[in-house]
Amino acid sequence: MPAAPTAPVPVDGQRTPEPGSPQRRSAWGSLRPLVLRLHLYAGVLIAPFLLVAAVTGLLYAGSYQAEKLVYADELEVPVGDRELPVSEQVAAARKAHPDGTVSAVRPSPEDGATTRVLLSGVEGVHPDRTLAVFVNPYTAEVRGSLEQYGSSGALPLRTWVSGLHRDLHLGETGRLYSELAASWLWVIAGGGVVLWFARQRARRKVRGATGRRRTLSLHGTVGVWTAAGLFFLSATGLTWSAYAGESIADLREALGQTTPTVSTSLAAAGESGTPDSGEHAEHGGGGAGGADRAGGAERAGGAADVGLDTVLASARDRGLSGPVEVVPPADASAAPSAYVVKEIQRSGFDGPDSAAVDPTNGKVVDVLKFDDFPVLAKLTRWGIDAHSGTLFGLANQVVLAGIAVGLILLIVWGYRMWWQRGRGTSFGRPLPRGAWQHVPAYVLVPLMAAVAVLGYLVPLLGIPLVVFLAVDIVLGEIAYRRGKRSYGAVGSGTADRAR
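Below, the structure is looked at part by part. Because the structure is predicted, anything quoted here is derived from the model rather than measured. (Residues numbered from 1 in each chain as written. Predicted model: local features only at pLDDT ≥ 70, side-chain atom pairs only at ≥ 80, totals over all residues. Heavy atoms only, no water.)

**Some details on the side chain of Asp 167**
Turning to step 1, where the next piece is worked out: Mapped onto the elements of the fold, Asp 167 is located in helix H4 (residues 156-167).
Turning to step 2, where the next piece is worked out: For Asp 167, a relative accessible area of 7% gives the class buried.
Turning to step 3, where the next piece is worked out: Of note is the side chain of Asp 167, whose polar atom sits 2.8 Å from the backbone nitrogen of His 169.
Turning to step 4, where the next piece is worked out: Those residues in contact with Asp 167 that lie beyond four places of it in its chain are Gly 174, Arg 175 and Tyr 177. (Helix = DSSP H or I, 4+ residues; strand = E, 2+ residues; numbered from the N terminus. Buried < 20%, exposed > 50% of the residue type's maximum accessible area, 1.4 Å probe, protein only. Polar contact = N/O pair within 3.5 Å; in protein donor to acceptor, adjacent residues only side chain to side chain. Contact = heavy atoms within 4.5 Å.)

Structure follows, in structure tokens:
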């Protein structure tokens, strides 16, 4: 007696229902075609923006080391026997560059490194930047001057690359590209990871595969390995964005998690907690504007200013070690204020600490330890430093470069798969529409609510998604009226074969 026929098993391993029997799907079986469609088309449409962000990000990761080579004459000097007082170095810088005012001083951070005297209000220098005058700490020789930007002390080369990555040198309009990329990167990466693990492709070997299957295997393997980094870059990139960044700032303020700063008020010494407006200085603002009293000038009313050397020594005694920046008090005609000494280079998760020093007697009037920062302020600081490549130095920059290369490969393989979907004669065959109709209401309704909230908080995720859905619905209606498709024709097996 012949054996009873068995139902065919599709590629996802789920048995096809018998003809005429009601088709029952799991929640994931209903969601998978929707995730697949979103991952494919979001990847196709957003990938050009991601590619630009990845290439410019790769350039920025390498700009730190390139900067050291290009500006070696300004940054490095032969190691001498003894460093001169910082005030003498500032005096030498002012003699060579009398214009503007001293907005900050960065004493030599290590043996063989120059001191930077930062001048603001110098004619011909961009208002968001300062003129950095490089002084040999052993001889007070001025080695040169360059424009500096941001809290990390970016010089012209890195400043140019940073602007290219941030906004393509197109100003506020150009920032939309980077925010769009950051808004969608986590969605595309997350969808790819979910699809990959759901089909257990992580266990399949690339060796021996050919054609589209090999491309898919390479794309998925690299995607899984770089997913954590892509999520991180997306999340931290949004903190710098124009619209989503504002939502994040509002949320932190509502939760009392803003970044505090040391108090500079001599009338209320010891009170800290003012929100830090310079947290994103690398992508938004320039140097501070202080009075030109860094060398120890006379204060209003005849009181002497103790000067930089005493201020720096007082801050060192309170535990501020490593590279620091000294910001002079505000204009003497204003309310009395203190010097601010702050660490500018962190080692891993330590710092930055800061201290306020009374200019009349050199006493520390306030200290702000990084350990006392709110949790979200710490996470934001670490995220910014890691995203910009300063948290762990060279190792950090190498990891960022690796993630950027991985993203570039993912985009190239993604477009190749799209081409291969069309059998190499045209770009990919479209996936069937109507997948959302098979998603159970108890899954679809919360999902739509979550997407609505995210779309509101991250506008460059929400607006393109609405536009995409509107266009997709219109095209689907046109195809339906022409008799080229039926609504709700997507099943799990169909979606898998489309993949």
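**Topic: the nonpolar core**
In summary, soluble globular proteins display a tendency toward joint burial of nonpolar side chains.
Turning to step 1, where the next piece is worked out: By size, the foremost hydrophobic cluster in this structure holds 29 residues, and its most contacted members are Ile 46, Leu 50, Trp 184, Ile 188, Leu 230 and Leu 407.
Turning to step 2, where the next piece is worked out: When contributions to this core are tallied by element, the ones reaching two or more residues are helix H1 (27-70), helix H5 (175-198), helix H6 (211-239), helix H11 (394-421) and helix H13 (459-481).
Turning to step 3, where the next piece is worked out: In terms of residue count, the dominant contributor to this core is H5 (nine residues).
Turning to step 4, where the next piece is worked out: With sequence-adjacent residues up to four places away left out, Leu 230 is seen in contact with Leu 185, Ala 189, Ile 403, Leu 407 and Leu 410.
Turning to step 5, where the next piece is worked out: Counting residues in each nonpolar core, the second largest holds 24 residues, with Val 90, Val 133, Leu 312 and Val 357 among its members. (Core = buried A, V, L, I, M, F, W, Y, C linked by side-chain atoms within 4.5 Å.)

**Focus: the side chain of Asn 396**
Turning to step 1, where the next piece is worked out: Along the polypeptide, Asn 396 turns up in helix H11.
Turning to step 2, where the next piece is worked out: Taking the relative accessible area as the measure of exposure, Asn 396 reaches 7% and is therefore buried.
Turning to step 3, where the next piece is worked out: Beyond its immediate sequence surroundings of up to four residues, Asn 396 is in contact with Asp 385, Ala 386, Gly 389, Thr 390 and Leu 391.

**Describing the pattern of salt bridges**
Turning to step 1, where the next piece is worked out: Counted by the stated rule, this structure contains nine salt bridges.
Turning to step 2, where the next piece is worked out: Put simply, Asp 167 and Arg 166 hold a salt bridge, and the shortest N to O gap is 3.5 Å. Of the two residues, Asp 167 and Arg 166, neither departs from the other in class, the shared state being buried.
Turning to step 3, where the next piece is worked out: The network of salt bridges with common partners includes Arg 106, Glu 325 and Lys 342. (Salt bridge = Lys/Arg side-chain N within 4 Å of Asp/Glu carboxyl O.)

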